[in-house]
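Here are the chains, one letter per residue:
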Amino acid sequence: MRGAAPARRGPLQMEAAAAYATHNDAGTAILLAAMERVGVRRLVLASTAAVYGEGRYRAVRSGPFFPGLRRRGDLDRGLFDHRAPRTGELLTWEAVGEDAPLRPRSAYAASKVAQEHYALAWAVSTGSAATVLRYNHVYGAPVAGARPVRTAETGVVARFRAELRAGRAPHVFEDGGQVRDFVQVRDVASATVAAVERGLPGFLPLNVGSGQPLTLWEVASTMAKALNGPAPVVTGQYRITDVRHLVADAERARQALDFTARTAPAEGLVSYAIGTAGSH
């Protein structure tokens, strides 16, 4: 692994904030106002696990903890994991339930939190039902010809594939040990259809995921092997706003929607990397 250092500055993080606010927040408010006028009383809202920000952690004898930003000095020394504030004990990640605090780290996630709040206010004031689906990290091929701001063809998995297809080793930040849940876009669609068909009462947030978390190193390695590409390079670089571990627990969705993801990440990431029909 290379020495720890801040990642080079990429696109301005708030550059798309106005677009997110326009489409997600203002658009949702306009939609809910129209639904109220005509008497529509059910909503299924596509949200994201990014609303949680950093994940949930526990020490051997204490917790849970919902830590904030890691210290730059620790990151510079390659100390990427969270520690207990008083004892310095290394914290272990746990899956995040839907009742965890919402602490977004990006403009996109902040706009999704606002969407959820609008939906809650609408549901409470009108006696309506809103099911909010907080998707874990979605991957999958894009819709042909589509040009959305964000799709399943964005994020770290898409970057790994682009690097490998260009003949380059996928670059993994920090030490590669960051844990995420990756869910295939077809499974996301199935969960969404289930939420529409079930018509659950009240305001109900549900995490949607594969239930099989992986480290970013494992993801990059799986995709590299699928393409017979170069092994991943662990750069040691970091972004101060990145979360260490985030896995949103999908148990409530399993019970409420009778939903279980059909595509295991080990299988789906291979299909996505090589571009087989199963990834489209």
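Before reading on, note that the structure itself is shown above.
A few points on the structure. Nothing here was measured: the structure is a model prediction, and the numbers come from that model.

Some remarks on the nonpolar core
In this structure, Val157, Phe160, Phe182, Val219, Met223 and Leu269 are the most contacted members of the largest nonpolar core, which totals 17 residues. Of all the elements in the fold, those that place two or more residues in this core are α4 (156-165), α6 (216-226) and α8 (265-274). When residues no more than four places from it in sequence are discounted, the contact partners of Phe160 are Pro170, His171, Val172, Leu216, Val219, Ala220 and Met223. Residues Val183, Ala191, Ala253 and Ala256 belong to the second largest nonpolar core, which totals 16 residues.

Considerations on the environment of Ala107
Here Ala107 lies in helix α3 (residues 107-126). Residues Ala107 and Ala18 lie 89 residues apart in sequence; the distance between their C-alpha atoms is 8.8 Å.

Focus: unusual backbone geometry
A cis amide bond links Gly63 with the next residue in sequence, Pro64, at an omega value of 5 degrees. The residue Pro64 is located in the loop between β3 (56-58) and α2 (72-76) in this model. A positive phi angle is found at Asn228, which is not glycine, with a value near 50 degrees. Mapped onto the fold, Asn228 is located in the loop between α6 and β12 (233-234). Even without a glycine there, the phi angle at Asp258 is positive, about 55 degrees. Structurally, the position occupied by Asp258 is in the loop between α7 (251-257) and α8.

Notes on the sheet that holds strand β5 (residues 129-135)
Spatial ordering of the open sheet is given by β2-β5-β10, a layout of three strands whose pairing is parallel. Edge strands, defined here as strands with exactly one partner in the open sheet, are β2 (42-48) and β10 (203-208). Averaged over neighbouring strand pairs, the angle between their axes works out to 20 degrees when direction is ignored. Bridging between β2 and β5 involves seven bridges; their strand directions are parallel. Paired with Val44 across the strands is Thr131, a residue of β5. Strands β2, β5 and β10 of the sheet are contacted by α3, whose axis makes an angle of about 160 degrees with β2.

Reading the values: rules and limits
- Residues numbered from 1 in each chain as written.
- Predicted model: local features only at pLDDT ≥ 70, side-chain atom pairs only at ≥ 80, totals over all residues.
- Heavy atoms only, no water.
- Core = buried A, V, L, I, M, F, W, Y, C linked by side-chain atoms within 4.5 Å.
- Buried < 20%, exposed > 50% of the residue type's maximum accessible area, 1.4 Å probe, protein only.
- Helix = DSSP H or I, 4+ residues; strand = E, 2+ residues; numbered from the N terminus.
- Contact = heavy atoms within 4.5 Å.
- Pairing = 2+ DSSP bridges.
- Axes fitted to C-alpha atoms, helices over the stretch in contact; angles between N-to-C directions.

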